Every structure is written in C-alpha cells, then in structure tokens.
Amino acid sequence: MHINDVNVDRYQAYQSNVTIGSHPVSNQSQWPRGSLTPVLAENTIGLKTITVKMVVKGDNRERICWNVSNILSLLLEAVVLKLDGFSHWFRAVLKSSKHDETSMENWHVLTLEFVGYEYGREIETKMTGKTLTLQNAGNLPSPCVIEITPTANFSSLKISGIPDEITVKNLKTGVKVTIDGEKGLMTEDGNNKFSEIEIMTLPYLSPGITTITADRETGIIIKYKPRYM
C-alpha cells in the first residue's frame, strides 16, 4: 500500500484488509400536492468510503506507536491511495482512525476510514484532423484536460462535445493553452487565460462514447482519468 508515493512498509506496516464502498446516491424528487405529475430530479452522489486495516509492527511498543504516528502524519491532507490488489487509485481524505494494541509488544492494528473517489490510469489521446471519437473507460463523468498547441496564429478556436462548446481566442503559434477540467485552471504558457476563453461548463467526458470536434485543424490533446462508481 502506498500513501502518495510512500510505501507503508517504510514504517513496518502492511495492508491486511480493505473494504471499498460505492458512492451513496441521494435524490430530491417529490410529488407536489395537487399535481398529477411528480418532479423527478437527477440523482446526486456523495463521497465513497474506503476502509483500510493495516498491521503495524516494531521492535517494541514504543517503536510501534512511533510507526503509527508516522503513518498518520502522512494523512493530514487529501492523499492518493494505491492499495495492494487494486489496479485503480483513490483520491481521498482521512475521516477517522482507530489504533488497537492487539499485541502490545509485537504488532498493532491501525484502522483508517477515508472518503473520496476512485479513478483509473490517465489516458491521453491526440486529435487528428478536426474530429476525435473516444470512449470513457469509466462509469461516471470524468473531468478532462484539453491541451491546445496552435499550428498557426488563430483569432479563435471552437471545440465542441466535452460537453458544451468552448471558444478560445487569440491563440499564438506553438504557445500551449491548457483547459484543466479537474483543477479548474485555464492557462496559456502557464499564465492565466480565463478572460479569453468562453466556456459554460468545465470539460468532462460522459461514460461511453464521445465525439469531439474542432473548427480548425491544429494540435489538440485530450487527457483524462476515468472515474468509477
């Protein structure tokens, strides 16, 4: 098991058990009194729960407690979890922890409860021509990153299908523009370009097949990490 890039075996610990929950679903649909038709709203999802139990060892009780302390110190902010036996990653934050001194002098059990979301390996696809069709391997809408490297100076460029139309103005040859749907950043060569981008919704890919079109043929790369229920 890794917490960010740190293998927990550094602290004489190993993952012993994992329970992965699904995203909870809630709905605000209602049937107003006097109406013949109910108001059916879209579902919303909450954070999924990831419960990890690990065995922590040490030369003595003090060393074990120190190892537990070091592990918990890695979890003060949101982290990326790579769990043994799972091919996906989990972006999560620690919700609670429990430290049981099962065998005081030999090993303890540390139970960690996280909330977050699950995602797969990043997929990168380059557009050839003015159209790109790709399939989101996840089963939830997945934020994506659009990287535009203009092959000429353009007064504007329109991109459609992810999901709404995006217009980027004043592009310069070879100067990369990035629209990051996950971080919410819009930059040109690292500088803020928000004022020159017309956008209604940050770019994302719905589950299944999406066709993306551009009104000019230029260098466009789409990156995304598929998300899972």
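Provided above is the structure to which this section pertains.
Owing to the predicted nature of the structure, the values given are computational and were not obtained by experimental measurement.

Chemist: So what's going on with the side chain of Q15? Which residues, and what values?
Modeler: Residue position: Q15 is located in strand β3 (residues 13-20). Looking at Q15, the relative accessible area reads 16%, which means it is buried. Discounting residues that sit within four places of it in the chain, Q15 has contacts with M1, V52, K53, M54, L83 and D84.

Chemist: Can you tell me about unusual backbone geometry, naming the residues and giving the values?
Modeler: In this structure, P163 follows I162 across a cis peptide bond, with omega equal to -15 degrees. You can see P163 is positioned in the loop between β13 (154-160) and β14 (166-171). In this model, N4 sits at a positive phi of 55 degrees, which is unusual for a non-glycine residue. In this fold, N4 is placed in the loop between β1 (2-3) and β2 (6-7). A relative accessible area of 38% places N4 in the partly exposed class. Phi is positive for N170, which is not a glycine, with a value near 55 degrees. Position of N170 relative to the elements: it lies in strand β14.

Chemist: Outline the pattern of salt bridges, supporting the account with residue identities and numerical values.
Modeler: If you walk through the whole model with that rule in mind, you get ten salt bridges. R61 is the salt-bridge partner of E101, the closest N and O atoms lying 2.6 Å from each other. Here the residue E101 occupies a position in strand β8 (residues 89-103), and R61 occupies one in helix α1 (residues 61-73), the gap between them amounting to 40 residues. For E101, a relative accessible area of 30% corresponds to the partly exposed category. Here K169 makes a salt bridge to E198, at a shortest N to O gap of 2.8 Å.

Chemist: Explain the sheet that holds strand β11 (residues 131-136) residue by residue, including any values.
Modeler: Backbone hydrogen bonds are what pair the strands of a sheet, in a parallel or an antiparallel way. The antiparallel open sheet is built from five strands, whose spatial order is β11-β20-β13-β14-β18. Each having just a single partner strand, β11 and β18 (197-198) make up the two edges of the open sheet. Pairing analysis gives five bridges linking β13 to β14, with the strands arranged antiparallel. Residue K158 lies in a different strand from β14, and its bridge partner there is T167.

Chemist: For the environment of G174, give the residues involved together with the corresponding values.
Modeler: One can find G174 in the loop between β14 and β15 (177-180). The sequence separation of G174 and P226 amounts to 52 residues, and the corresponding C-alpha distance is 29 Å. Those residues in contact with G174 that sit more than four places away from it in its chain are T149 and P150.

Chemist: Explain the environment of R10 residue by residue, including any values.
Modeler: Position of R10 among the secondary structure elements: in the loop between β2 and β3. On the basis of relative accessibility, which here comes to 56%, the residue R10 falls in the exposed class. Measuring from C-alpha to C-alpha, the distance between R10 and K98 comes to 20 Å, with 88 residues separating the pair along the chain.

Chemist: Please give an account of α1 that cites residues and values.
Modeler: Across its 13 residues, α1 extends 18 Å between first and last C-alpha, which sits within 8% of the 18 Å expected from 1.5 Å per residue. Buried within α1 we find I64, N67, V68, N70 and I71. Axial view of α1: buried residues confined to an arc of 160 degrees, hence all on one face. Elements that come into contact with the buried residues of α1 comprise β1, β3, β6 (48-57), β8 and β9 (107-119). One side-chain oxygen at the N-terminal end of α1 lies 3.2 Å from the backbone nitrogen of E62; it belongs to N60.

Chemist: So, the pairing of β14: which residues are in play, and what are the values?
Modeler: Between the antiparallel neighbours β13 and β14 lie five residues, among them G161 with a positive phi of about 110 degrees. As defined by bridge partners, β14 adjoins β18 across two bridges and the pair is classed as antiparallel. Residue pairing in the sheet places T167 in a bridge with E198 of β18.

Cut-offs applied
- Residues numbered from 1 in each chain as written.
- Predicted model: local features only at pLDDT ≥ 70, side-chain atom pairs only at ≥ 80, totals over all residues.
- Heavy atoms only, no water.
- Helix = DSSP H or I, 4+ residues; strand = E, 2+ residues; numbered from the N terminus.
- Buried < 20%, exposed > 50% of the residue type's maximum accessible area, 1.4 Å probe, protein only.
- Contact = heavy atoms within 4.5 Å.
- Salt bridge = Lys/Arg side-chain N within 4 Å of Asp/Glu carboxyl O.
- Pairing = 2+ DSSP bridges.
- Expected span 1.5 Å × (residues − 1).
- Arc of directions from axis to C-beta.
- Polar contact = N/O pair within 3.5 Å; in protein donor to acceptor, adjacent residues only side chain to side chain.

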